[in-house]
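Each chain is listed here by its residues.
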Amino acid sequence: MFHSFFPKPKLFFLSFVVWALVGVLSWYLVMQDLGSYLSLGNLIGLTFPETLASGADPAAQTAFQEASKSAETFWLYQYILICYGVFIAAWMIFGGNKWAKWSVLGSGIIIFATWFSVQLNVMFNEFYGVFYNLIQKALSAPNSITLNDYYSQLSTFLGLAAVYITIVVLKNFFVSHYIFRWRTSMTEYYSSKWQQVRHIEGASQRIQEDTMRFASIMEGLGVRLIGSVMTLLAFLPVLWALSGHIKTLPIIGEVSQSLVFIALFWSIIGTVLLALAGIKLPGLEFNNQKVEAAYRKELVYGEDNENRAEPITLAELFSNVRKNYFTLYFHYLYFNVVRYGYLQAGVLVPLIALGPSIVAGVITFGIFQQINNAFNQVESSFQFLVNSWTTIVELLSIYKRLKSFEAMIDNKPITNEDSQFADNSTLM
């Protein structure tokens, strides 16, 4: 599944995690302050401004902040591109995999595009603060803003939206091709072992159907995982800063940086609840394939042998199928009660937390919108497992089948559960 596409998968993914941690820590500890020396932004006019003299007027302070932000943003992009470039070049040169252009370079493009789209979401969040504060000002004091001010903010949104749509559409298009190349690499690998596996019932289903389903699930699940991590890294500092506006929580009282801890605590509760409620689902999904395999196998044999696929035998096999499905439906019943109940309750969590601050009038409408959006982004990132549990269950089932198939290809020992699946011909 992985060796066919990625160069030395365990080392590749481990080195990426380590390199990413080194890059993030280096940025916050050292590199962030070296932009004035190393940034190439001065070539296009994005130079770090000189320090303001004390007592500078508000207009000068605003111009200084905007210039500093633009220069630092360019320096951040330059730093990230360098980090990506070094990592990708090293693996492209020394990885030794025929699919490296897609697995290494393609992974880098997807991660960078995901990161950039998350940065656009941060910009949207900043826009919400300015725009809704403008609306609050206009509603509280008629004619205090001009129509030009209002439409200027809308044009800002349209500009951000145009860039966001372009990035997301192109990223999704690229990811689809990336995933199909991954499926192609798996298909080539399994097909090259055809003489070893052709006697295994259901080998065709493993090569065609399971590789297809594995690739399609990874397309959505993998990108969402990367997006969740990137969103968490981007919005956690935003929510941390915005938490400074919230001094008091209901019942608890004063808590420093309260919203970050509430998002973390609520997400942990949801993850634990869903894990407990869905603990039996992967096994049932896997068993589903075994009973379906046994039923289909008998039908296939019945096409060529009139002594097979007798009504009594088929009735017994289908009874096993029905029993497992009904058991699966029952477990999904209470799992979905927990899942949807938790998600709906989560809508109220930030509103309850903001209650004392709203009643006291210590935050503006724009800050309220920023906090609500940032909280939802951080909470959704923490809740990746909650929102993806059913997909993960399906992926685990496919992974088990392909792992069992690979074990039979390599004549390796397999687990009892996988052995039972192999005995049932691994036919879907």
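The structure presented is a predicted model; accordingly, all values stated were derived computationally and were not measured.

**Some words on the UniProt feature "transmembrane region" (unreviewed entry) in the protein chain**
Under the present numbering, the feature "transmembrane region" (unreviewed entry) in UniProt falls on residues 12–30, 76–95, 102–124, 157–180, 221–240, 260–279 and 347–368. Helix makes up 95% of residues 76–95 and strand makes up 0%, while its end C-alpha atoms are separated by 28 Å. End C-alpha to end C-alpha, residues 157–180 measures 34 Å, and it is 100% helix and 0% strand.

**Examining unusual backbone geometry**
Within the chain, K8 stands out as a residue other than glycine whose phi angle is a positive 45 degrees. Structurally, K8 can be placed in the segment before α1 (9–29). We note that N143 has phi near 65 degrees; this positive angle belongs to a residue other than glycine. Following the sequence through the fold, N143 ends up in the loop between α4 (100–140) and α5 (147–192). What makes N143 exposed here is its relative accessible area of 78%.

**Digging into the packing of α4 against helix α11 (residues 365–382)**
Orientation of α4 relative to α11, taken along the N-to-C sense of each, is 155 degrees, at an axis distance of 6 Å. Relative to α11, the element α4 lies roughly antiparallel. Where α4 crosses over α11, the handedness of that crossing is right-handed. Mapping the contact onto sequence places N121, N125, E126, Y128, G129, Y132, N133 and Q136 in α4 and F365, G366, I367, Q369, Q370, N373, A374 and Q377 in α11. When grouped by side-chain class, the residues that make up the contact of α4 with α11 number five nonpolar, 10 polar and one charged.

**Description of α1**
The end-to-end C-alpha distance of α1, which contains 21 residues, comes to 30 Å, matching closely the 30 Å that a straight helix rising 1.5 Å per residue would cover. Considered for burial, the residues of α1 that qualify are P9, F12, G23 and W27. Along the axis of α1, the buried positions cluster into a sector of 55 degrees, meaning they face one direction only. The exposed set on the far side of α1, more than 90 degrees from its buried face, consists of K10, L14, L21, L25, Y28 and L29. In this fold, the buried residues of α1 make contact with α3 (58–94) and α4.

**Focus on a nonpolar patch on the surface**
Nonpolar side chains collect at one region of the surface, where M92, I93, F94, L105 and I109 lie side by side and expose about 500 Å² of accessible area between them. Following the sequence through the fold, I93 ends up in helix α3. We classify I93 as exposed; its relative accessible area is 60%.

**As for the nonpolar core**
Note that soluble globular proteins tend to have their nonpolar side chains buried in a common cluster. W182, F214 and L239 are the most contacted members of the largest nonpolar core, which has 68 residues in total. The biggest single contributor to this core is helix α7 (residues 203–242), with 11 residues.

**Observations regarding α5**
Its 46 residues give α5 an end-to-end C-alpha distance of 67 Å, which sits within 8% of 68 Å, the value for a rise of 1.5 Å per residue. Listing the buried residues of α5 in full gives Q153, L160, A161, K171, V175, Y178, I179, W182, S185, M186 and Y190.

Criteria and cut-off values
- Residues numbered from 1 in each chain as written.
- Predicted model: local features only at pLDDT ≥ 70, side-chain atom pairs only at ≥ 80, totals over all residues.
- Heavy atoms only, no water.
- UniProt positions renumbered as here; feature names shortened; annotations may be inferred.
- Helix = DSSP H or I, 4+ residues; strand = E, 2+ residues; numbered from the N terminus.
- Buried < 20%, exposed > 50% of the residue type's maximum accessible area, 1.4 Å probe, protein only.
- Axes fitted to C-alpha atoms, helices over the stretch in contact; angles between N-to-C directions.
- Parallel < 35°, antiparallel > 145°, perpendicular 65-115°, else oblique.
- Left-handed = near helix turned anticlockwise from the far one by under 90°.
- Contact = heavy atoms within 4.5 Å.
- Nonpolar A, V, L, I, M, F, W, Y, C, P; charged D, E, K, R; others polar.
- Expected span 1.5 Å × (residues − 1).
- Arc of directions from axis to C-beta.
- Patch = residues over 30% accessible without salt bridge, like charges linked within 9 Å, V, L, I, M, F, W, Y side chains within 5 Å.
- Areas by Shrake-Rupley, 256 points an atom, 1.4 Å probe, with all protein chains shown as cover.
- Salt bridge = Lys/Arg side-chain N within 4 Å of Asp/Glu carboxyl O.
- Core = buried A, V, L, I, M, F, W, Y, C linked by side-chain atoms within 4.5 Å.

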